[in-house]
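Chain residues, written in single-letter form:
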Amino acid sequence: MNPVKIRFVPIAAALTAACALTACGASPPGSGQASGPDRLTVWIMKDSVSDAYLQRFEKDFERQHEDTVLDIQVQEWDGIGEKITAALASKDSPDVIEVGNTQVAQYAQSGGVLDLSDKVGELRGGDWLPGLAEPGKIDGRQYGVPWYAANRVVIYNKDLFAKAGITSPPRTRDEWLRITEQLNRGTAQGIYLPGRNWYTLAGFIWEEGGELAEKDGDRWRGSLDSPEALRGMDFYRRLQALGKGPRDADEAKPPQADVFAKGDVAQIIAVPGGARIVEQANPALAGKLGFFPIPGTTAGRPGTTFTGGSDLIIPTASAHPDAAYQVVKSLTGEKWQRDLARTMSYVPNRTSLAGALEDDEGTAAMAAAAARGRATPNSPQWAAVEATNPIKEYMTAVLTGSDPRKAAKDASGAISRTLNS
């Protein structure tokens, strides 16, 4: 198999790039012509995995499935929602598509995604990470198959911890507050936590037993005003005060890695890969950064976190659904999950495979937290909530002194209206 067939496809080619029967070299039904191997089109997002990983997978899969040829097409993130929506409505859709784990509901609503509920047992679904499995399951039916995960951990400056006399990471949230206060002395910040890091807030709310929104029958209700959610916001407020993070900005403004790289911040909350960005900005910090899972309310159990990552879906219009399922089964199986963990430092889709990352401190911390990961409310309208994001406004209001209950009620009302529109 030379050369390997991995290529970038522009957005304008959304439909023509899909694997139409005639375009892929197979014969239309009833044409009387001999048909060749099934050619499967697989859409993978840019930078999700390395070209080398895709090349290894393609070669191995085609060796084991001699009647199948893979056409792996790398897609740009910009505009991908419209492109996938168009593909799902087409008769000539791709056969397998990588989608963000929180996007499955949006695509499944169209009716263009294959229901894989009867395959969950065979795919070891009982062992899937909740933060990937739950958003792939809509109204009791499994449409998205978990592929890989990534979630936030605490990245800390070992020198500042040692200077403060702290010899080990905290095991509980109360201990975390105590040591962060101890670190927040002189010119050092105990933690740099921007006021609008709402994914982090979501984890604190879930850890308290609260929700961002809950479904009651056919209606949704924003839940930031529940006692549990209010406790999560109060913990965020107390932690955020132990540093100089802006109350009206998120982690991108300014980039928190740049702030951390100055060397006077003890902790940030980010995915482990953020450490590499910090070290690039300040090489003097190389080897001086450590990692631990966001602590939970009790010792020995990491806190609940938001899990990002990707699922794989099969369009109902796939010309080769059985072969497409074999691609999904292989990519999400143990062999290629272990390869993915080693190659990309992602968390595998199964809790039992967390050991594949034990030699890397950052990804091991991420994997430990992923077992208790969650995802955003499973509604096709959640993307619209994020577009206006009343949660960020709520956080700034609380951090600048507004009444938390009133601010939470206002934000919950905005969430309800959007989800039910």
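These numbers were taken from a predicted model, which means no experiment stands behind them.

Engineer: Mind showing me how you'd approach the overall build of the chain here?
Structural biologist: What the chain contains, in helices and strands, is 16 helices and 15 strands. Its C-alpha radius of gyration of 23 Å places the chain within 12% of the 22 Å reference for a compact globule of 421 residues. C-alpha atoms of the chain, sized along the principal axes, occupy 80 × 50 × 40 Å. A total of 421 residues make up the chain; the buried ones form 54% of that total. In the chain, the proportion of contacts linking residues at least 24 apart, taken out of those at least 6 apart, comes to 77%.

Engineer: Would you mind going over the sheet that holds strand β8 (residues 153-157) with me for this structure?
Structural biologist: Strand-to-strand pairing in sheets goes through backbone hydrogen bonds, with the strands running parallel or antiparallel. Across the sheet, which stays open at both edges, the three strands sit in the order β11-β8-β12 with antiparallel pairing between neighbours. The open sheet has two edge strands, β11 (267-270) and β12 (289-292), and neither has a second partner. Ignoring which end each strand starts from, the neighbouring axes of this sheet average 30° apart. Pairing of β8 with β11, which is carried by four bridges, proceeds in the antiparallel orientation. What sits directly across from Val 153, in β11, is Ala 270. Along the sheet, helix α10 (residues 274-281) contacts β8 and β12; its crossing angle with β12, the most-contacted strand, is approximately 165°.

Engineer: Even after reading the chapter, I still don't get the nonpolar core, so can you show me in this structure?
Structural biologist: Inside soluble globular proteins, nonpolar side chains tend to come together where they are buried. Of all hydrophobic cores here, the largest spans 46 residues; its most connected members are Trp 176, Leu 224 and Tyr 394. Breaking this core down by element, the ones donating at least two residues are β8, α5 (158-163), α6 (173-183), α7 (198-207), α8 (227-240), α14 (382-388), α15 (390-399) and α16 (404-419). In this structure Trp 176 touches Val 154, Pro 170, Ile 191, Phe 204, Phe 235, Leu 239, Gln 267, Ile 269, Phe 292, Ile 294 and Pro 295, once residues within four positions along its chain are discounted. Formed by 30 residues, the second largest nonpolar core is a distinct cluster that contains Val 49, Ile 72, Val 96 and Val 145.

Engineer: Honestly, the packing of α8 against α15 in this entry has me stumped. Any pointers?
Structural biologist: Between two packed helices, both the angle of their axes relative to each other and the distance between the axes serve to describe the pair. Contact geometry for α8 and α15: axes closest at 10 Å, N-to-C directions at 60°. What the angle tells us is that α8 and α15 run oblique. Between α8 and α15 the crossing geometry is right-handed. Facing α8, whose interface residues are Leu 230, Met 233, Tyr 236, Arg 237 and Gln 240, α15 presents Tyr 394, Met 395, Val 398 and Leu 399.

Engineer: Is there a simple way to think about the packing of aromatic side chains in this case?
Structural biologist: Counted by the stated rule, this structure contains 14 aromatic pairs. Their ring planes at 90° and their centres at 5.7 Å tell us that Tyr 53 and Trp 336 sit as a pair that is edge-to-face. Of the two residues, Tyr 53 is situated in helix α1 (residues 51-64) and Trp 336 in helix α12 (residues 334-344); the sequence distance between them amounts to 283 residues. Centre to centre, the rings of Tyr 156 and Phe 292 are 5.6 Å apart; their planes meet at 45°, and the pair counts as tilted. Note that Tyr 156 is positioned in strand β8 and Phe 292 in strand β12, a separation of 136 residues in sequence. Residue Tyr 156 shares its accessibility class with Phe 292, and that shared class is buried. Three or more aromatic residues joined by ring pairs form one cluster here, namely Tyr 53, Phe 57, Phe 61 and Trp 336. Here the guanidinium or amino end of Lys 83 rests over the ring plane of Trp 43, the centre of that ring lying 5.0 Å away.

Engineer: Help me out: how do you make sense of the pattern of salt bridges in this one?
Structural biologist: Close approach of charged atoms lets side chains of opposite charge pair. With the rule as written, the count across this model stands at 23 salt bridges. A salt bridge links Glu 208 to Arg 173, with the nearest nitrogen and oxygen atoms 2.4 Å apart. On the criterion of sequence distance, the pair formed by Glu 208 in the loop between α7 and β9 (213-216) and Arg 173 in helix α6 is long-range, its members being 35 residues apart. Owing to a relative accessible area of 5%, Arg 173 belongs among the buried residues under this scheme. Here Asp 225 makes a salt bridge to Arg 221, at a shortest N to O gap of 3.3 Å. Salt bridges sharing partners connect three or more residues here, namely Asp 60, Arg 63 and Lys 335.

Engineer: In this structure, what is going on with α7? I would like to understand it.
Structural biologist: Since there are 3.6 residues in each turn of an α-helix, residues three or four apart along the chain are aligned in direction. Burial analysis of α7 places nine of its 10 residues in the buried class, the great majority of the element. Looking at α7, one finds that the buried residues are Trp 198, Thr 200, Leu 201, Ala 202, Gly 203, Phe 204, Ile 205, Trp 206 and Glu 207. Gly 209 sits one or two residues past α7 and shows a positive phi near 95°.

Engineer: What should I look at first to understand unusual backbone geometry in this one?
Structural biologist: In terms of backbone geometry, most residues other than glycine have negative phi values and most peptide bonds are trans. Cis geometry is adopted by the peptide bond preceding Pro 254, which originates at Lys 253 and carries an omega value of -5°. Along the chain, the position of Pro 254 falls in the loop between α8 and α9 (256-260). In this structure, Asn 389 takes a positive phi of about 45° despite not being glycine. With respect to the secondary-structure elements, Asn 389 resides in the loop between α14 and α15.

Engineer: Is there a simple way to think about the side chain of Asp 339 in this case?
Structural biologist: Residue position: Asp 339 is located in helix α12. When residues no more than four places from it in sequence are discounted, the contact partners of Asp 339 are Tyr 53 and Arg 56.

Engineer: In this structure, what is going on with the side chain of Asn 157? I would like to understand it.
Structural biologist: Tracing the backbone through its elements, the reader meets Asn 157 in strand β8. By relative accessible area, Asn 157 is classed as buried at 2%. One polar contact links the side chain of Asn 157 to the main-chain amide nitrogen of Asp 159, over a distance of 3.0 Å. Not counting residues up to four positions away in its chain, the partners in contact with Asn 157 are Phe 260, Gly 263, Val 265, Ala 266, Leu 285, Lys 288 and Leu 289.

Engineer: Can you help me understand the confidence of the model for the chain in this one?
Structural biologist: For any part of a model where pLDDT is low, the fine detail of the predicted coordinates should not be relied upon. Averaged over every residue, the pLDDT of the chain is 90; the share at 70 or more is 91%. Scored below 50 in pLDDT, residues 1-34 shows 60 contacts in the model against residues more than four places distant or in partner chains.

The rules behind each value
Residues numbered from 1 in each chain as written. Predicted model: local features only at pLDDT ≥ 70, side-chain atom pairs only at ≥ 80, totals over all residues. Heavy atoms only, no water. Helix = DSSP H or I, 4+ residues; strand = E, 2+ residues; numbered from the N terminus. Rg over C-alpha atoms; globule rule 2.2 N^0.38 Å. Buried < 20%, exposed > 50% of the residue type's maximum accessible area, 1.4 Å probe, protein only. Contact = heavy atoms within 4.5 Å. Pairing = 2+ DSSP bridges. Axes fitted to C-alpha atoms, helices over the stretch in contact; angles between N-to-C directions. Core = buried A, V, L, I, M, F, W, Y, C linked by side-chain atoms within 4.5 Å. Parallel < 35°, antiparallel > 145°, perpendicular 65-115°, else oblique. Left-handed = near helix turned anticlockwise from the far one by under 90°. Phe/Tyr/Trp six-rings, centres within 6.5 Å; stacked < 30°, edge-to-face > 60°. Lys NZ or Arg CZ within 6 Å of the ring centre and 35° of its normal. Salt bridge = Lys/Arg side-chain N within 4 Å of Asp/Glu carboxyl O. Polar contact = N/O pair within 3.5 Å; in protein donor to acceptor, adjacent residues only side chain to side chain. pLDDT = per-residue confidence, 0-100.

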